[in-house]
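Single-letter residue listing:
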Protein chains: 2
Amino acid sequence: MLNIDFYQKLIQQKIQEQSFSGTPPELYEPIAYTMQLGGKRLRPTLTLMTCDIFGGDIYSAINAALGLETFHNFTLLHDDIMDQAPLRRGQPTVYQKWDANRAILSGDTMMVMAYDYLLNSPKDLLSDLFTVFNKVGKEVCEGQQFDMNFETNDHVSIDEYLEMIRLKTAVLIGGSMHVGAIIARVSEEKSKLVYSFGESIGMAFQLQDDLLDAYGDSNIFGKKTGGDICSNKKTYLYLKALEVANEADKSVLIKLYSSYPSDEQAKVLQVINIFNKYQISHLTKQLMEEYYSNAMKFLKLIDLNAEKERLLISLADTLMKRDN
Amino acid sequence: MLNIDFYQKLIQQKIQEQSFSGTPPELYEPIAYTMQLGGKRLRPTLTLMTCDIFGGDIYSAINAALGLETFHNFTLLHDDIMDQAPLRRGQPTVYQKWDANRAILSGDTMMVMAYDYLLNSPKDLLSDLFTVFNKVGKEVCEGQQFDMNFETNDHVSIDEYLEMIRLKTAVLIGGSMHVGAIIARVSEEKSKLVYSFGESIGMAFQLQDDLLDAYGDSNIFGKKTGGDICSNKKTYLYLKALEVANEADKSVLIKLYSSYPSDEQAKVLQVINIFNKYQISHLTKQLMEEYYSNAMKFLKLIDLNAEKERLLISLADTLMKRDN
C-alpha cells in the first residue's frame, strides 16, 4: 500500500506528459494553461488511490483519473466566466487572460477530452464508467445552477445550501472514488459505499473551503481571503450566522451582504467579527465532523482490512485539515 | 426500405416524448426550449436512415440519434453566445431570452445528456461509438474556433474556409451517418466510406447554407436574409468574390465588409450586386456539385444495391436543393 503523495505525484507526472497542444492554437492554449496551473489534483489522486486500495491495477485507472481532472478543470473554466472570478490558483482565469468566448469553447473541448480519456479504460467497464461520469456531470451542472440561483435569492435555507454543495462539489469527489472502485472491479454494492464515503468527505471538504475563504491565509489558499464575503456569497458561514445571530446582528449582516462598498476590508472585518461573536467557525467545524463521522460509518460498512482503512482515514484527515 | 420523411417523423416523435424537465428548472427550461424549437432534425434522421439502409435495427439507433441531435443543439446554444446571434429558427436564442450564463450551463448539461443518450446503445459498440463521437465533438469545437479566428483575420484563404466548414459542420453530418453504420454493424472499412459520403454532402450542405443566407427567403429560411453580409462574415461567397473580382470591385467589397452602416439593406444590396456581377451563386453551386460528385464516388465504393443507393442519392439531392 502506498501513500497519498505517491498517487498525487504520479498523476502530476502523467499530466505533465500530456500534450495539450493542437490546431487551432487559440483553442488549445487555454487548455494547456489550465491543465498546467497545478492544484492539488485531488480527484484523480482519489481515483488512483481507491483503485489501489481495492487491489486494482492503478495504471489501468490513469486515463480515467486524467478524465476526472480534465472534467474538473472544464467546470472551473466555465464557472469562472459565470462567477466573473479574476483569479484561479493565484493566476488570471482563462476568461480574463483571453476572453469569455475562448473560455467557453476551450471548456467545451476539455469536456470532450475528459470523455476521451475515460474511453481509454478497460472496454468491458465503459458502460459502468460512463454511467457514473454522466450522472456526476449532470449533477455538477445542477449544483452550479443552484449556486447562481442563490445569488438573487434572499431566502436560501441551510438545507438548500448543503444540497447545492453536494451537487457542485461532493458528487465529483465521490464519483472520482467510485470510478477507481469500478476499475478495481469492486462489487456494485461496495462501489456505492465508496461513493458515499467520498461524497461525505466532499461535503466536509467544501465546508473547509468556505472556512478557508474567510479565515485562510491568501498566500497559501491561492485565492483572495474574504472573497466570498466581498461578493456576498451565501456560504454556510453566512447562513448559519443568520440562523443563530440576534435580530440586530442579523440585520447588520443582511445589510452588509447587500452592499459592495469601496472599502472591502472594512466590510470583511465587520462580517468576521459577527462570525466570531457566534463561533461560526466552530459551528462549521462541528458540521464537518458530522460528515466525517458519516464517512466513517460508510467506511465500516465497506469492511476493509486495517491498513487499507487507515489509508482512507488518513485521506479524510488530510482533506479536513488542509490549509489550501 | 422507407423514405426520409419516415425517419424524420420518427425522431421528431421521439424528441417530443422526451422529458427535458428537471431541477433546478432554470437549468432545464432552456434545454426544453431548445430541443422543442424544431428544425430539420437532419443529423438524427441521417443516423436512423443509415442504420436502416445497412439492415440495422433502427430502434436500437434511436438513442444515439437523440444524442447527436442533443449534441448539435448544445453547439448551437454556445455558438449563439459567441456569435451574438439574436435569432435561431425564427425565435430568440437562449442567451437572448435568458442570459449567457444560462446558455453556457444549459449547453454543458446538454452535452452530458448527449453522451447519456449515446450510452444507451448496444454495449459492445460503446467503444466504437464514443470514439467517433469524441472525434466529431473535438473537431466541431476546432471548427468554431477557426470561425471565430476568421472574424479578425483579413487574409482567410478559400482552403482555410473550406477546412473550417468541414470541421464545424461536415464532420457532424458524416459522423451521424457513421454512427448509424456502426449500429448496423457495418464493417469498419465501409463505415468509413459512409462517413466520407456524409462529410462530402455536409460540405455541399454548408455551402447551400451560405447561399441561402444571401439569396434565401427569410420567411422560409428562418434567419434574416443577408445576416452573414451584415455581420461581415467571410463566407465562401465573399472569399470567392474577392478571388474573381477586379481590383475596383474587390476594394469596394473589402470596404463594405469592414463597415457596420445603419442602412444595412443598402449594404446587402451593394454586396449582392457584386456577387451577381461575378456569378458567385453559380460558382458556389459549381463547388457544391464537386462535393456532390465526390460523395457519389464514395457511394459507388460502398457498393449498395440499387434501391438503397437511390435512397442515399435522394437524400443528397434533398440537402442540395433545400430552401431552408
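Note that the coordinates shown come from a computational prediction; the quantities given were computed from them, not determined experimentally. (Residues numbered from 1 in each chain as written. Chains lettered and ligands numbered in written order. Predicted model: local features only at pLDDT ≥ 70, side-chain atom pairs only at ≥ 80, totals over all residues.)

Let us look at the overall build of chain A. The number of helices and strands found in chain A is 16 helices and two strands. Over its C-alpha trace chain A gives a radius of gyration of 20 Å, about what one expects of a compact globule, namely 20 Å for 324 residues. For chain A, with 324 residues in total, the buried portion stands at 48%. Considering only contacts in chain A between residues 6 or more positions apart, those separated by 24 or more positions represent 72%. (Helix = DSSP H or I, 4+ residues; strand = E, 2+ residues; numbered from the N terminus. Rg over C-alpha atoms; globule rule 2.2 N^0.38 Å. Buried ≥ 20, exposed ≤ 12 C-beta atoms within 10 Å, placed from the backbone. Contact = placed C-beta atoms within 7 Å.)

Right, let's talk about the relation of the copies chain B and chain A for a bit. Between chain B and chain A, the superposition needs a rotation of 180° and an axial shift of 0.0 Å, giving an RMSD of 0.0 Å. Between the two chains, the operation in question is that of a two-fold axis. A share of 100% of interface residues in chain B that are also interface residues in chain A marks the association as one of identical surfaces. (Least-squares fit on C-alpha atoms with pLDDT ≥ 70 in both.)

What follows covers the packing of helix H15 (residues 280-302) of chain B against helix H16 (residues 306-320) of chain B. Residue and element names in this part refer to chain B. Running from amino to carboxyl end, H15 crosses H16 at an angle of 165°, the nearest separation of the two axes being 11 Å. The angle between H15 and H16 falls in the class roughly antiparallel. Crossing angle aside, the handedness with which H15 passes H16 is right-handed. Each of Met288, Tyr292, Ala295 and Leu299 in H15 lies in contact with H16, whose residues at this interface are Glu309, Leu312, Ala316 and Met320. Among the residues forming the contact of H15 with H16, the class breakdown is seven nonpolar, no polar and one charged. (Axes fitted to C-alpha atoms, helices over the stretch in contact; angles between N-to-C directions. Parallel < 35°, antiparallel > 145°, perpendicular 65-115°, else oblique. Left-handed = near helix turned anticlockwise from the far one by under 90°. Nonpolar A, V, L, I, M, F, W, Y, C, P; charged D, E, K, R; others polar.)

Looking now at the packing of helix H12 (residues 236-244) of chain A against helix H15 (residues 280-302) of chain A. Residue and element names in this part refer to chain A. Close contact between H12 and H15 brings their axes to 10 Å; oriented N to C, the two are set at 110°. By the angle class used here, H12 and H15 are roughly perpendicular. The crossing of H12 and H15 is right-handed. Of the residues in H15, those in contact with Tyr236, Leu237, Lys240 and Ala241 of H12 are Ile280, Leu283 and Thr284. A breakdown of the residues in the contact of H12 with H15 according to their chemical character gives five nonpolar, one polar and one charged.

Taken together, the 32 residues of chain B in the interface contact 32 residues of chain A. At the level of secondary structure, the elements contributing two or more residues to the side of chain B that touches chain A comprise helix H2 (25-35), helix H4 (62-82), helix H6 (100-119) and helix H7 (126-151) of chain B. No other element matches the 14 residues that H7 of chain B contributes to the side of chain B that touches chain A. For the side of chain B that touches chain A, the residue count by class is 15 nonpolar, eleven polar and six charged.

Moving on to the environment of Ala248 of chain A. On the secondary structure map, Ala248 of chain A appears in helix H13 (residues 247-256). Along the sequence, Ala248 of chain A and Thr45 of chain A sit 203 residues apart, while their C-alpha atoms lie 46 Å from each other.

Mapped onto the elements, Tyr278 of chain A comes out in the loop between helix H14 (264-277) and H15. When near neighbours in sequence (up to four residues on either side) are disregarded, Tyr278 of chain A contacts Ala241, Val244 and Ala245 of chain A.

Summarising the model, chain A shows a mean pLDDT of 94, and 97% of its residues fall at 70 or more. The ipTM for the predicted assembly is 0.94, set against a pTM of 0.95. (pLDDT = per-residue confidence, 0-100.)

All names here are of chain A. Along the chain, Thr23 connects to Pro24 via a cis peptide bond; the corresponding omega equals -5°. For Pro24, the location among the structural elements is in the loop between helix H1 (4-17) and helix H2 (25-35). Not every positive phi belongs to a glycine, and Gln84 is a case in point at roughly 50°. Among the structural elements, Gln84 can be located in the loop between helix H4 (62-83) and strand S1 (87-88).

Attention now goes to helix H3 (residues 42-53) of chain A. Residues and elements named next belong to chain A. The first and last C-alpha atoms of H3 sit 16 Å apart over twelve residues, in line with the 16 Å expected at 1.5 Å per residue. The buried fraction of H3 is high, at twelve of twelve residues. Buried-residue contacts for H3 involve H1, H4, helix H8 (158-183), helix H9 (188-215) and helix H16 (306-321). (Expected span 1.5 Å × (residues − 1).)

Turning our attention to the environment of Tyr195 of chain B. All names here are of chain B. For Tyr195, the location among the structural elements is in helix H9 (residues 188-215). Separated by 23 residues in the primary sequence, Tyr195 and Leu172 place their C-alpha atoms 9.4 Å from one another. What Tyr195 contacts, discounting residues up to four positions off in sequence, is Gly174, Gly175, Met177 and His178.

Quick look at H4 of chain A now. Residues and elements named next belong to chain A. For H4, which comprises 22 residues, the first-to-last C-alpha distance of 31 Å matches the rise-based estimate of 32 Å (1.5 Å per residue) to within 8%. Among the 22 residues in H4, 20 count as buried, and that is most of the element. A positive phi of about 50° marks Gln84, the residue just after H4.

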